[in-house]
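A structural walkthrough
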Amino acid sequence: MAKRDKAAMQGDEANILTNTPAGLSFQGVRVERRKIEIAGDTFEVFALKDAADLLDLPEFGRRFLDDGIAPYGFQLWPGAVMLAAWIAAGKAGPPCEALEIGCGLALLSIVATRHGWTTWATDNDEHALQFAALNAQLNNVSLHRLEALDWNFPPPGTQFPCILGSDVLYDADNFNPI
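Cut-offs used in this document
- Residues numbered from 1 in each chain as written.
- Predicted model: local features only at pLDDT ≥ 70, side-chain atom pairs only at ≥ 80, totals over all residues.
- Heavy atoms only, no water.
- Phe/Tyr/Trp six-rings, centres within 6.5 Å; stacked < 30°, edge-to-face > 60°.
- Helix = DSSP H or I, 4+ residues; strand = E, 2+ residues; numbered from the N terminus.
- Buried < 20%, exposed > 50% of the residue type's maximum accessible area, 1.4 Å probe, protein only.
- Lys NZ or Arg CZ within 6 Å of the ring centre and 35° of its normal.
- Pairing = 2+ DSSP bridges.
- Right-handed = clockwise from strand over helix to strand, strands pointing away.
- Patch = residues over 30% accessible without salt bridge, like charges linked within 9 Å, V, L, I, M, F, W, Y side chains within 5 Å.
- Areas by Shrake-Rupley, 256 points an atom, 1.4 Å probe, with all protein chains shown as cover.
- Salt bridge = Lys/Arg side-chain N within 4 Å of Asp/Glu carboxyl O.
- Axes fitted to C-alpha atoms, helices over the stretch in contact; angles between N-to-C directions.
- Core = buried A, V, L, I, M, F, W, Y, C linked by side-chain atoms within 4.5 Å.
- Contact = heavy atoms within 4.5 Å.

Here's the deal with the packing of aromatic side chains
In this structure the tally under the stated criterion is 7 aromatic pairs. On the basis of an interplanar angle of 85 degrees and a centroid distance of 5.2 Å, the ring pair of F26 and F131 is categorised as edge-to-face. Of this pair, F26 sits in strand 3 (residues 23–26) while F131 sits in helix 5 (residues 126–138), and the two are 105 residues apart along the sequence. Note on F131: relative accessible area 0%, which makes it buried. Aromatic pair F74 and F131: ring centres 5.3 Å apart, planes at 90 degrees, arrangement edge-to-face. Remark: F131 occurs in helix 5 and F74 occurs in the loop between helix 2 (58–67) and helix 3 (78–88); sequence separation between them is 57 residues. Each member of the pair, F74 together with F131, is buried. An aromatic cluster of three or more residues is present, and its members are F26, F60, F74 and F131. One Lys or Arg, R145, reaches over the ring of W120 and ends 4.2 Å from the middle of that ring.

A look at the pairing of strand 8 (residues 145–148)
Two elements, strand 7 (residues 118–123) and strand 8, share 4 bridges in a ladder whose sense is parallel. Bridge pairing in strand 8 links A121 to L146. Crossover connection from strand 7 via helix 5 to parallel strand 8: handedness right-handed.

With respect to a nonpolar patch on the surface
Where nonpolar side chains cluster on the molecular surface, the patch consists of L55, F64, L65, Y72 and W77 and spans about 460 Å² of accessible area. Here Y72 lies in the loop between helix 2 and helix 3.

Some points on the sheet that holds strand 3
Pairing within the open sheet is antiparallel, and its 4 strands lie in the order 2-3-4-5. Two strands close off the open sheet at either side, each with one partner strand: strand 2 (18–20) and strand 5 (41–48). Between one strand axis and the next, the sheet turns through 45 degrees on average, direction left out of account. Sheet topology places strand 4 (residues 29–38) next to strand 5; 8 bridges connect them, and they run antiparallel. When the sheet's bridge partners are listed, V31 is paired in strand 5 with L48.

Some points on the nonpolar core
With 44 residues, the main nonpolar core has L17, F26, I38, L48, F74 and F131 as its most contacted residues. Among the elements of the structure, strand 4, strand 5, helix 3, helix 4 (107–114), helix 5, strand 8 and strand 9 (162–164) are those that each provide at least two residues to this core. Among the elements that take part in this core, helix 5 stands out by supplying 6 residues, more than any other. Residues contacting L17, with those up to four places away along its chain left out, are L24, S25, F26, V31, F46, F131 and L134. Counting 7 residues, the second-largest nonpolar core is a separate cluster that includes L99, I101, L149 and W151.

A few points about helix 4
Summarising burial for helix 4: 7 of the 8 residues are buried, a large majority. Along helix 4, the residues that are buried comprise L107, L108, S109, I110, V111, A112 and T113. The positive-phi residue at the C-terminal boundary of helix 4 is G116, with phi of around 95 degrees.

What follows is the structure in structure tokens.
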């Protein structure tokens with residue numbers, strides 16, 4: 001896992017969103033600031049209005065075609081909200097150390113951290129990790145770790161009592177590695 005330097009990240013987050021006459025954008029794609037109520041607490045995340053619009057940009061289109069990296073992590077998925085509510089309600093058991101795979105916007109890690117979990121938020125997309133860091137900052141949450149991780153190549157010897165993931169099994173190629 002590539003550990004991210006939090007001091008360096010803070011400058012990155014400040015630069016990923018652009019203020020335009022139409023509102024906030026990320027590389028020309030519209031960004032929304034969304035409020036989510038979970039277990040009586042309010043969380044906010046920056047998310048793309050339509051992440052599929054990123055595929056029209058050469059960098060993202062090429063990454064999708066060449067490397068299979070889709071921009072799914074830039075959307076707020078219903079599964080992330082439901083799993084976060086389940087954790088916030090204590091239904092997942094007592095807080096523990098957890099690895100979140102495919103964290104995207106990091107809502108799940110943010111909620112779990114606020115409820116006493118020690119979370120490692122990971123994604124294979126550096127841009128999604130920038131959104132994750134920005135969203136953690138927006139919610140005044142300090143994630144234990146925020147790192148790049150391709151679950152096809154996990155670091156040897158790394159084990160977690162709990163692995164979290166929401167909306168990550170959309171591709172049959174991901175079943176075996178997970």
